[in-house]
Amino acid sequence: MNSWLKRFCYNRFRGMWAQGKDGYLHDTGWFRSFQERQAVDLSGQPVPWLGYPFVEFLSKRLSPAMQMFEFGCGNGTLYWAGRVGNIVSCEHDRAWFDKISPRLPDNAQVIWAPDGPEYEATILNTGKRYHLVLVDGIRREEAAATALEALTSDGVMILDDSFRSEYRPIFERMQFAGFRKLEISGAAPIHNNYDETTVFYRDGNCLGI
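Because the structure is predicted, anything quoted here is derived from the model rather than measured.

## Concerning the state of the cysteines
When the sulfur atoms of two cysteines share a covalent bond, that bond is a disulfide. Under the defined criterion, the tally for this structure stands at zero disulfides. Free cysteine Cys-73: the closest other cysteine sulfur is in Cys-90, separated by 8.6 Å. By relative accessible area, Cys-73 is classed as buried at 10%.

## Side note on the pairing of strand E3 (residues 108-112)
Taken together, the five bridges between strand E2 (residues 86-91) and E3 define a ladder with parallel strand orientation. Looking at E3, one finds that Ile-87 is bridged to Ala-108. Each parallel crossover has a hand, and for E2 linked through helix H6 (residues 94-100) to E3 it is right-handed.

## Notes on the nonpolar core
Ranked by size, the top nonpolar core spans 32 residues in total, and within it Phe-54, Leu-58, Trp-80, Leu-132 and Leu-207 carry the most contacts. Residue assignment for this core shows that the elements contributing at least two residues are helix H4 (52-59), helix H5 (75-81), H6, E3, strand E4 (130-135), strand E5 (151-160) and strand E7 (195-201). In contact with Trp-80, not counting residues within four places along its chain, are Pro-48, Leu-50, Phe-54, Val-55, Leu-58, Ser-59, Leu-62, Met-68, Glu-70, Ile-87 and Leu-134. Of all hydrophobic cores here, the second largest spans 24 residues; its members include Ala-113, Val-135, Ala-150 and Leu-151.

## Some points on the environment of Arg-168
Considering the arrangement of structural elements, one finds Arg-168 in helix H9 (residues 168-176). In sequence terms Arg-168 and Glu-141 are 27 residues apart; their C-alpha atoms lie 9.1 Å from each other.

## Considering helix H7 (residues 117-125)
For H7, the set of buried residues is Tyr-119, Glu-120, Thr-122 and Ile-123. Within H7, the buried residues cover an arc of 125° as seen down the axis, which keeps them to one side. Pointing more than 90 degrees away from the buried face of H7 are the exposed residues Pro-117, Glu-118 and Asn-125. Looking one or two residues past H7, Gly-127 carries a phi angle of roughly 70°, positive in sign.

## Digging into the packing of helix H8 (residues 140-147) against H9
The relative placement of two packed helices is expressed as an angle between their axes plus a distance between the axes. Following both chains from N to C, one finds H8 and H9 inclined at 15°, their axes separated by 9 Å at the closest point. When the axes of H8 and H9 are compared, the pair comes out roughly parallel. Crossing of H8 against H9: the hand is right-handed. In contact with Arg-140, Glu-141, Ala-144 and Ala-145 of H8, H9 contributes Pro-169, Ile-170 and Arg-173. Taken together, the residues of the contact of H8 with H9 break down into four nonpolar, no polar and three charged.

## Some points on H8
For H8, the full list of buried residues reads Arg-140, Ala-143, Ala-144, Thr-146 and Ala-147. Buried residues of H8, seen end-on, are gathered within an arc of 165° and therefore sit on one face of the element. Lining the buried residues of H8 we find strand E1 (67-71), H7, E4, E5 and H9.

Cut-offs applied
- Residues numbered from 1 in each chain as written.
- Predicted model: local features only at pLDDT ≥ 70, side-chain atom pairs only at ≥ 80, totals over all residues.
- Heavy atoms only, no water.
- Disulfide = S-S within 2.5 Å.
- Buried < 20%, exposed > 50% of the residue type's maximum accessible area, 1.4 Å probe, protein only.
- Pairing = 2+ DSSP bridges.
- Helix = DSSP H or I, 4+ residues; strand = E, 2+ residues; numbered from the N terminus.
- Right-handed = clockwise from strand over helix to strand, strands pointing away.
- Core = buried A, V, L, I, M, F, W, Y, C linked by side-chain atoms within 4.5 Å.
- Contact = heavy atoms within 4.5 Å.
- Arc of directions from axis to C-beta.
- Axes fitted to C-alpha atoms, helices over the stretch in contact; angles between N-to-C directions.
- Parallel < 35°, antiparallel > 145°, perpendicular 65-115°, else oblique.
- Left-handed = near helix turned anticlockwise from the far one by under 90°.
- Nonpolar A, V, L, I, M, F, W, Y, C, P; charged D, E, K, R; others polar.

What is shown is where atoms sit, not what they do.
Written as structure tokens, this is what we have:
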């Protein structure tokens, strides 16, 4: 092995070791989430499988007075339940539904809904309006369209993986409905891919943006 290659390998190894020992990825718990293949923080507590910058942004603006709906449940459901007054999620995967449901606190509920129109209709069937609607499951275009009918006057809608080209119609629909957008990107738990989440909001919104 020549000296250049030795130096290159050493620097790469040293950089990886340093990131695992301290710094941003260590502090957020990314290495633990990668190893365990779960969305958890440094201490093993559940976190949303969303970009770290977005989670930090939103967490600072939540309050127990807020009602939240989530398309697609998971560790994020447990995390948000500790920061809002009430959260309702819907889930199409029965096995995942059965795994998450027993772990929920009293202010959280997951509703099972099969893949199809019944899925996005779940939010309307609750008969409530929500300050926050997170679209992060299947049938996202249909879910986003239905979510508009269930938002409070100061409500916001959140779309994860918003960089995907197939979700562009959602952007057009929200713009037509008078919403502006805030795109937040960065690293997320478990994987090392780019992640982007978009917040759609209007004047006087509950997040103060």
